[in-house]
Amino acid sequence: MPEQGVSRAVPDTTTEGAKSGPARNLVRAFALLDAVATDHRGVPLADLARVTDIPEATAHRLLNVLAELNVVRIGENGRWRVGRHCLELGAAYLESVELRAEARGLLRELNEETGETCALGVLDGDRVVYVDKIDSPHPVRVNSGLGRSNPAATTALGRAILAWSAPAQVDAVLAEGVPERTARTTVDTGALRAELLACRERGYSVDTAENEAGIHGVGAPVIDYRGIPVAAISVAGPENRLTLDRLPDVGAATAEAAADLSRRLGFSPRVRDAVQARPPG
């Protein structure tokens, strides 16, 4: 039976410039590293050779070179695992990532796609703070200045973060109480917890004029390499433009942008599975 987690596609080793010599070996080495990284339990040599379509002897030779560089390591059970140098490289990459800079292009694309105001926000206690935004081109639009904050429990941005947060953090936010911002605000904590669960299930949060009268919004979490929601992306607009019928499509687009930013922060399928297994707030 094939080893679980080693069936994904690997880099094409037949591209121009990598057909022979050192370049081909480099591409093959990266293909092996990708395959090793698919399973934290390690992957046997035979499976690595099979999934990468590299002769076993060649794969063994390349793995030994990677092991000398501490990029991979072999366990007592003969399974190959990632080495400590991968952690060092990953840490260096993460230190080079600046949240606002990485998000800017995604916000711009989302703004062009939806025609509404797009924002990036972070949690600060029981409030969400807007750290970047791109305004709607329409004359009537949402007013959300940089540095402005709103209650996390009543906004799409805040709910997106809370829905994927640890239960203790959600408890702390709800313990502060939920202000009745509009006539539609969900102030009952039980109902709000149910809404956070719904956010998890659909992949994005919804604010139907609960924070500001006449304004609808959707939000999706930005999750880092640890599985922690460090920010959220939202789209907001007047309810006569961002109608209830549009919310699912705009929500899906927002979730896609947030997922792209999450990947840039090191979020991976393995981390995703762990987050999904964690009970919602």
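Residues numbered from 1 in each chain as written. Predicted model: local features only at pLDDT ≥ 70, side-chain atom pairs only at ≥ 80, totals over all residues. Heavy atoms only, no water.

Outline the packing of helix α1 (residues 21-36) against helix α2 (residues 45-52), listing residues and values.
Two packed helices can be described by the angle between their axes and the distance between those axes. The geometry of α1 relative to α2 is characterised by a closest axis approach of 10 Å and an angle of 120° between their N-to-C directions. Here α2 runs oblique to α1, going by the angle between their axes. You can see that α1 and α2 cross each other, and the crossing is right-handed. Where α1 approaches α2, its residues Ala31, Leu32, Ala35 and Val36 are matched on the opposing element by Leu48, Val51 and Thr52. Tallied by class, the residues present in the contact of α1 with α2 amount to six nonpolar, one polar and no charged. (Axes fitted to C-alpha atoms, helices over the stretch in contact; angles between N-to-C directions. Helix = DSSP H or I, 4+ residues; strand = E, 2+ residues; numbered from the N terminus. Parallel < 35°, antiparallel > 145°, perpendicular 65-115°, else oblique. Left-handed = near helix turned anticlockwise from the far one by under 90°. Contact = heavy atoms within 4.5 Å. Nonpolar A, V, L, I, M, F, W, Y, C, P; charged D, E, K, R; others polar.)

Tell me about helix α5 (residues 99-114), and please be specific about residues and values.
Since the α-helix advances by 3.6 residues per turn, residues separated by three or four positions end up pointing in the same direction. In this model α5 runs 22 Å from its N-terminal to its C-terminal C-alpha over 16 residues, within 8% of the 22 Å that 1.5 Å per residue would give. Of all the bends in α5, the greatest measures close to 25° and is centred on glycine 105. Residues of α5 that are buried: Ala103, Leu106, Leu107, Leu110, Asn111 and Thr114. The elements touched by buried residues of α5 are β4 (117-124), β5 (127-134), β9 (229-238) and α9 (247-264). (Expected span 1.5 Å × (residues − 1). Bend = angle between axes of the 7 residues up to and from the residue. Buried < 20%, exposed > 50% of the residue type's maximum accessible area, 1.4 Å probe, protein only.)

Could you give an account of the confidence of the model for the protein chain, naming the residues involved and the relevant values?
Across the protein chain, pLDDT averages 86, with 85% of residues at or above 70. Scored below 50 in pLDDT, residues 1-18 shows 35 contacts in the model against residues more than four places distant or in partner chains. (pLDDT = per-residue confidence, 0-100.)

Now, about the packing of aromatic side chains: what can you tell me, with residues and values included?
Counting across every chain of the model gives zero aromatic pairs. Positioned above the aromatic ring of tyrosine 204 is the side chain of arginine 202, whose terminal nitrogen or guanidinium carbon lies 5.6 Å from the ring centre. (Phe/Tyr/Trp six-rings, centres within 6.5 Å; stacked < 30°, edge-to-face > 60°. Lys NZ or Arg CZ within 6 Å of the ring centre and 35° of its normal.)

Explain the environment of arginine 226 to me, using residue names and the numbers behind them.
Structurally, arginine 226 is set in the loop between β8 (215-223) and β9. With 39 residues separating them in the primary sequence, arginine 226 and leucine 265 have C-alpha atoms 9.4 Å apart. Within the local environment of arginine 226, its side chain forms a polar contact with the side chain of aspartate 224, the two groups lying 2.5 Å apart. (Polar contact = N/O pair within 3.5 Å; in protein donor to acceptor, adjacent residues only side chain to side chain.)

If you had to explain the environment of leucine 242 to someone new, which residues and values would you point to?
On the secondary structure map, leucine 242 appears in the loop between β9 and α9. Separated by 25 residues in the primary sequence, leucine 242 and glycine 217 place their C-alpha atoms 7.7 Å from one another. Among all residues touching leucine 242, those that are not within four sequence positions of it are Glu116, His216, Gly217, Val235, Ala236, Gly237, Leu247 and Val250.

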